[in-house]
Amino acid sequence: MLAKQTPLTKQMLSELLRASSSKPKQLKKIHAVVIRTGFSEKNSLLTQLLENLVLVGDMCYARQLFDEMHKPRIFLWNTLFKGYVRNQLPFESVLLYKKMRDLGVRPDEFTYPFVVKAISQLGVLSCGFALHAHVVKNGFECLGIVATELVMMYMKFGELSSAEFLFDSMQVKDLVAWNAFIAVCVQTGNSAIALEYFNKMCADAVQFDSFTVVSMLSACGQLGSLEIGEEIYDRARKEEIDCNIIVENARLDMHLKCGSTEAARVLFDEMKQRNVVSWSTMIVGYAMNGDSREALALFTMMQNEGLRPNYVTFLGVLSACSHAGLVNEGKRYFSLMVRSNDKNIEPRKEHYACMVDLLGRSGLLKEAYDFIKKMPVEPDTGIWGALLGACAVHRDMILGQKVADVLVDTAPDIGSYHVLLSNIYAAAGKWDCVDKVRSKMRKLGTKKVAAYSSVEFDGKIHFFNRGDISHPQSKAIYEKLDEILKKIRNMGYVPDTGAVFHDVEIEEKESSLSHHSEKLAIAFGLINGRAGNPIRVMKNLRTCDDCHVFSKFVSRLTSREIIMRDKNRFHHFRNGICSCKEFW
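Within an unreviewed UniProt entry, the label attached to the protein chain reads DYW domain-containing protein, and the organism entered is Arabidopsis arenosa. Recorded under Sequence similarities (unreviewed entry), the UniProt text for the protein chain is reproduced unchanged: "Belongs to the PPR family. PCMP-H subfamily."

Attention now moves to the pattern of salt bridges. For side chains bearing opposite charge, pairing can occur when the charged atoms are close. Inspection of every chain in the model, using the stated rule, returns 23 salt bridges. The salt bridge partner of Asp67 is Lys99, with a shortest N-O separation of 3.1 Å. You can see Asp67 sitting in helix α4 (residues 59-68) and its partner Lys99 sitting in helix α6 (residues 90-102), a full 32 residues away along the chain. The partly exposed category is assigned to Lys99, whose relative accessible area is 29%. The closest approach of N and O atoms between Glu479 and Lys475, which form a salt bridge, is 2.7 Å. One end of the pair is Glu479 and the other is Lys475, both in helix α27 (residues 474-490) and four residues apart, which spans about a single turn. Relative accessible area serves as the criterion here: at 45%, Glu479 is assigned to the partly exposed category. The exposure class of Lys475 is exposed, given its relative accessible area of 62%. Residues joined by salt bridges that share partners form a network here, namely Arg63, Asp67 and Lys99.

Now for the nonpolar core. The biggest cluster of nonpolar side chains holds 76 residues, and the ones touching the most others in it are Leu50, Leu80, Phe81, Phe167 and Phe181. Setting aside its immediate chain neighbours within four residues, Phe81 contacts Ser93, Leu96, Tyr97, Met100, Thr111, Phe114 and Val115. Ranked by size, the runner-up nonpolar core spans 62 residues in total, among them Met337, Leu399, Val403 and Ala426.

Interaxial distance between helix α13 (residues 210-223) and helix α14 (residues 226-238) falls to 9 Å at its minimum, and their mutual angle equals 165°. As judged from the angle between their axes, α13 and α14 are roughly antiparallel. The two elements α13 and α14 meet at a crossing, and its hand is left-handed. Two secondary-structure elements touch here, α13 through Val213, Met216, Leu217 and Cys220 and α14 through Ile228, Gly229, Ile232, Tyr233 and Ala236.

So, on to the packing of helix α19 (residues 311-324) against helix α20 (residues 327-339). Two elements in contact, α19 and α20, have axes whose closest approach is 8 Å; the angle formed by their N-to-C orientations is 160°. Relative to α20, the element α19 lies roughly antiparallel. Seen from above, α19 lies across α20 with left-handed handedness. Residue-level inspection shows Phe314, Val317, Leu318 and Cys321 of α19 in contact with α20, the latter providing Glu329, Gly330, Tyr333, Phe334, Leu336 and Met337.

Now for unusual backbone geometry. Peptide bonds are mostly trans, and most non-glycine residues show a negative phi. The phi angle at Lys71 is positive, at roughly 45°, despite the residue not being glycine. Checked against the element boundaries, Lys71 lands in the loop between α4 and α5 (74-86). Owing to a relative accessible area of 70%, Lys71 belongs among the exposed residues under this scheme. If you check the backbone angles, Ser559 has positive phi at about 55° while not being a glycine.

The complete set of buried residues in helix α16 (residues 261-270) reads Thr261, Ala264, Arg265, Leu267 and Phe268. The buried residues of α16 occupy one face: seen down the axis, they fall within an arc of 160°. Seen from the buried face of α16, the exposed residues on the opposite side, beyond 90 degrees, are Glu262 and Glu270.

Attention now goes to the UniProt feature "repeat: PPR" (unreviewed entry) in the protein chain. Feature annotation in UniProt places "repeat: PPR" (unreviewed entry) on residues 73-107 and 275-309, given in this structure's numbering. The straight-line gap between the two end C-alpha atoms of residues 73-107 is 10 Å; of that span, 74% is helix and 0% is strand. Secondary structure over residues 275-309 splits into 74% helix and 0% strand, and the C-alpha atoms at its two ends are 10 Å apart.

Moving on to the sheet that holds strand β4 (residues 562-565). Spatial ordering of the open sheet is given by β2-β1-β3-β4-β5-β6, a layout of six strands whose pairing is mixed. In this open sheet, the two edge strands, each paired with only one partner strand, are β2 (460-465) and β6 (577-578). In this structure, strand β1 (residues 452-457) lies alongside β2, joined through six bridges in antiparallel fashion. Across the sheet, residue Val455 finds its bridge partner in β2, namely His462. Along the sheet, α13 contacts β1, β2, β3 (535-539) and β4; its crossing angle with β4, the most-contacted strand, is approximately 105°.

Turning our attention to the packing of aromatic side chains. Tallied over the full model, the rule gives 21 aromatic pairs. Taking 5.6 Å as the distance between ring centres and 55° as the angle between the ring planes, the aromatic pair formed by Tyr112 and Phe140 counts as tilted. With Tyr112 in helix α7 (residues 111-122) and Phe140 in the loop between α8 (125-137) and α9 (144-156), the pair connects residues that are 28 residues apart, well separated along the chain. In this structure, Tyr112 and Phe140 share a single accessibility class: buried. Here the aromatic rings of Phe299 and Tyr333 are separated by 5.6 Å at their centres, their planes lie at 85°, and the arrangement is edge-to-face. Here Tyr333 lies in helix α20 and Phe299 lies in helix α18 (residues 292-304), a separation of 34 residues in the sequence. Following the ring pairs from residue to residue traces out a cluster consisting of Phe167, Trp178, Phe181 and Tyr197. Positioned above the aromatic ring of Phe268, the side-chain terminus of Arg274 is 4.5 Å from the ring centre. Across the ring face of Tyr311, the terminal group of Arg348 is positioned such that the distance to the ring centre comes to 3.5 Å.

Once that is clear, we can look at the confidence of the model for the protein chain. In regions of low pLDDT, the predicted coordinates are not meant to be interpreted in detail. Per-residue confidence for the protein chain averages 87 on the pLDDT scale, and 89% of its residues sit at or above 70. Throughout residues 1-5 the model reports pLDDT below 50, and contacts reaching past four residues in sequence, or to other chains, amount to zero contacts. Segment residues 501-509 is flagged for pLDDT under 50; beyond a separation of four residues in sequence, or across chains, it makes ten contacts in the model.

Reading the values: the criteria
- Residues numbered from 1 in each chain as written.
- Predicted model: local features only at pLDDT ≥ 70, side-chain atom pairs only at ≥ 80, totals over all residues.
- Heavy atoms only, no water.
- UniProt positions renumbered as here; feature names shortened; annotations may be inferred.
- Salt bridge = Lys/Arg side-chain N within 4 Å of Asp/Glu carboxyl O.
- Helix = DSSP H or I, 4+ residues; strand = E, 2+ residues; numbered from the N terminus.
- Buried < 20%, exposed > 50% of the residue type's maximum accessible area, 1.4 Å probe, protein only.
- Core = buried A, V, L, I, M, F, W, Y, C linked by side-chain atoms within 4.5 Å.
- Contact = heavy atoms within 4.5 Å.
- Axes fitted to C-alpha atoms, helices over the stretch in contact; angles between N-to-C directions.
- Parallel < 35°, antiparallel > 145°, perpendicular 65-115°, else oblique.
- Left-handed = near helix turned anticlockwise from the far one by under 90°.
- Arc of directions from axis to C-beta.
- Pairing = 2+ DSSP bridges.
- Phe/Tyr/Trp six-rings, centres within 6.5 Å; stacked < 30°, edge-to-face > 60°.
- Lys NZ or Arg CZ within 6 Å of the ring centre and 35° of its normal.
- pLDDT = per-residue confidence, 0-100.

What follows is the structure, encoded as structure tokens:
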């Protein structure tokens, strides 16, 4: 006789679910068994099943299961919200929230953090305002976790004043709230605000941790504030905060973003532990600073040590080839990525943009255009923007106009593309075309990004705009600038007025150029900086040709090294020579 089969119990099914938590197909089979055996009314099993489905990312099946449940508890609603956020499905999350309100289900303190995150992902500010109103109406605005998520949402939307007001209004701010706010400031490019709030945090006697240190080192890297960053790191060591490999990698990245490549290499060589992030950071940093040969040599060393590179590593390698005009090497490395079966180094849009930049910088504009047309992925504005930048460098009006038309159609609100096209026309003396581009910008409501430069001195960041007179030392800065200009003119410096407005007299053109933000920052550095120390200038946009020439003359005149980081790369000016070797 056949042995009688042991009936499945709720505990057995629960154990099966636990064992199959990462296997989507198996979970569906268990669900079928649950229904057949009559356990579908047992919400505890369905709860476990829903959690597992969310964990493996099968949100369609998870939603189907949820919709079949009878009066699901708030925990299950929150589980589904969490899954939608984790899987980047914000619209579905918003629709679920609407259904929740329509059914009269009251949210709890764990609901709103997920829904706020979903709104952040969705990127619709009006929805954010509406949700904030719901939070207040339901009495959750005072909860730290909810308020923190709202602050982060406003930061991601660029609503700085709202974010700061809300954060400052929080009655209780624990370390998690401080870390979240400072981190999102850095992530959204508001590092000066991050530094300001770090100082407030310390003034409030809140003990920071390694997460804070990583954010602050990243902030200092963005700002070019090497001195402040090193002070924070030294303080962390003194207070015995765990300076793990993540902290050490952030410190390495900070040095490289401040143009301190030699010190960064010493740190890299002395690291007790190095991972792929350490190697990639160093390779990308060398490339950004124009040390392409060092970047490629380090990549070879990394391979010899048996470490597998990732997509960031190859981004650094291709960038190194681009900055040095190593076309054949760049093609070889890119081909290596394409032929590889390793998904970790499969070319992404950033790699395609690097290849376009490499070909474009080298004057191979038609080849770069053909490369874009044959790409297996849809080119984005970053890829077309790289080609337009190359057209500006090589003054190719015809291709530049064609590329600009694509960019204006896809991203009409990004002023930098209009400005690049305008510069191409200006360099060719086509002032009627310049006027048309500027007229179109006015019609579309497109605005230029305001240029600014910053320089660190005595633990503070000093910002300068073109023609700035707001700085307390403005009088001395302009006097120093006039003194320098007179001296370098005698050395052969001639202002490059080619791209300045055509309807302006030559004296006004030269005056306009002489008041560019990077020139003011350099003058400030010469007045205040210690003799022998490099002057580090950070520029938010690409530096202009005239300021590049000016910096070379000043470095020769003063025997001071000037390290300038613009939007695209570093320029190290020493004794009248730039590290870019005029290939930029």
